[in-house]
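# A closer look at the structure
Chain by chain, the residues run as shown.
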Amino acid sequence: MLTMDVNKAFLGSQLEELLKKIRSCSVCKNHLPLGPNPIIRGTNSSRLLIISQAPGTRVHETGLSFNDASGDRLRAWLQLDRASFYDEKQIAIMPMGMCYPGRNIKGGDLPPRPECAPLWHEKVQALLPNVKLTLLVGSYAQRYYLDRTLSLTDCVRRWRHYLPTYIPLPHPSWRNNAWIKTNPWFEEELI
């Protein structure tokens, strides 16, 4: 039992050091309109990992993942209140791009910066030994972890295929309201 406690403490301190390093990262600072502010959360006891796209402007400003309307919808899908959702002992949140990437000409956010996932994801996941399930929120996470050839619809439709490791979800943004309406099976079967 003492060995397990020592290992848990060691992993915890390693994760804390890695998160400090990530939060001070400035690798792509020249590409970020609001500057670097990497947003990531979790502890080595987290059992659920949520891999999302990238922070929006509100999340960038507050430093709290999913602190916006998308977060409200995601919490509703998961049937979790804010306190449970933000309990890092249970839930870790790691975006594909840790910083707000800026806006595109159509008014939506740019894709997550490509540097983050290859640089940090494997290292973080190695220090999250208790994760039992990973939610892949949005097509960027699904393409990186599952299948680059599938559309978001096809990937989410095959959600049972990825169990028990992953569950793919559409991004909970209002921009996906039309997708949710045209794919009623999503809320009937998965949610």
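In this report, we go over the structure that sits alongside the text. (Residues numbered from 1 in each chain as written. Predicted model: local features only at pLDDT ≥ 70, side-chain atom pairs only at ≥ 80, totals over all residues. Heavy atoms only, no water.)

For the protein chain, the count of helices and strands is 10 helices and four strands. Tracing the protein chain from N to C terminus, the helices and strands come up as α-β-α-α-α-β-α-β-α-α-α-β-α-α. Looking at the 191 residues of the protein chain, the share that counts as buried comes to 47%. Counted over contacts in the protein chain with a minimum sequence separation of 6, partners at least 24 positions apart contribute 68%. (Helix = DSSP H or I, 4+ residues; strand = E, 2+ residues; numbered from the N terminus. Buried < 20%, exposed > 50% of the residue type's maximum accessible area, 1.4 Å probe, protein only. Contact = heavy atoms within 4.5 Å.)

Turning next to the packing of aromatic side chains. Ring pairs (aromatic) are described by centroid distance and by the angle formed between their planes. Using the criterion set out here, one finds seven aromatic pairs in the structure. Where Y144 meets Y145, the ring centres are 5.0 Å apart and the plane angle is 65°; that geometry is what we call edge-to-face. Between Y145 and Y166 the ring centres are 6.0 Å apart and the planes differ by 50°, which places this aromatic pair in the tilted class. Here Y145 is found in helix α6 (residues 139-145), whereas its partner Y166 is found in strand β4 (residues 166-169), with 21 residues between them in sequence. As far as the burial class goes, Y145 and Y166 line up, both buried. (Phe/Tyr/Trp six-rings, centres within 6.5 Å; stacked < 30°, edge-to-face > 60°.)

Below, the discussion takes up the sheet that holds strand β2 (residues 91-95). Taking strand neighbours across the sheet as the criterion, the four strands line up as β2-β1-β3-β4 in an open arrangement whose pairing is parallel. Edge strands, defined here as strands with exactly one partner in the open sheet, are β2 and β4. The average angle at which neighbouring strand axes cross in this sheet is 20°, direction not considered. The sheet contact formed by strand β3 (residues 133-137) and β4 spans four bridges and is parallel. Paired with V137 across the two strands is L169, which belongs to β4. On the sheet, helix α5 (residues 116-126) packs against β1 (48-52) and β2 and is oriented at approximately 165° with respect to β2. (Pairing = 2+ DSSP bridges. Axes fitted to C-alpha atoms, helices over the stretch in contact; angles between N-to-C directions.)

That is the geometry; function is a separate question.
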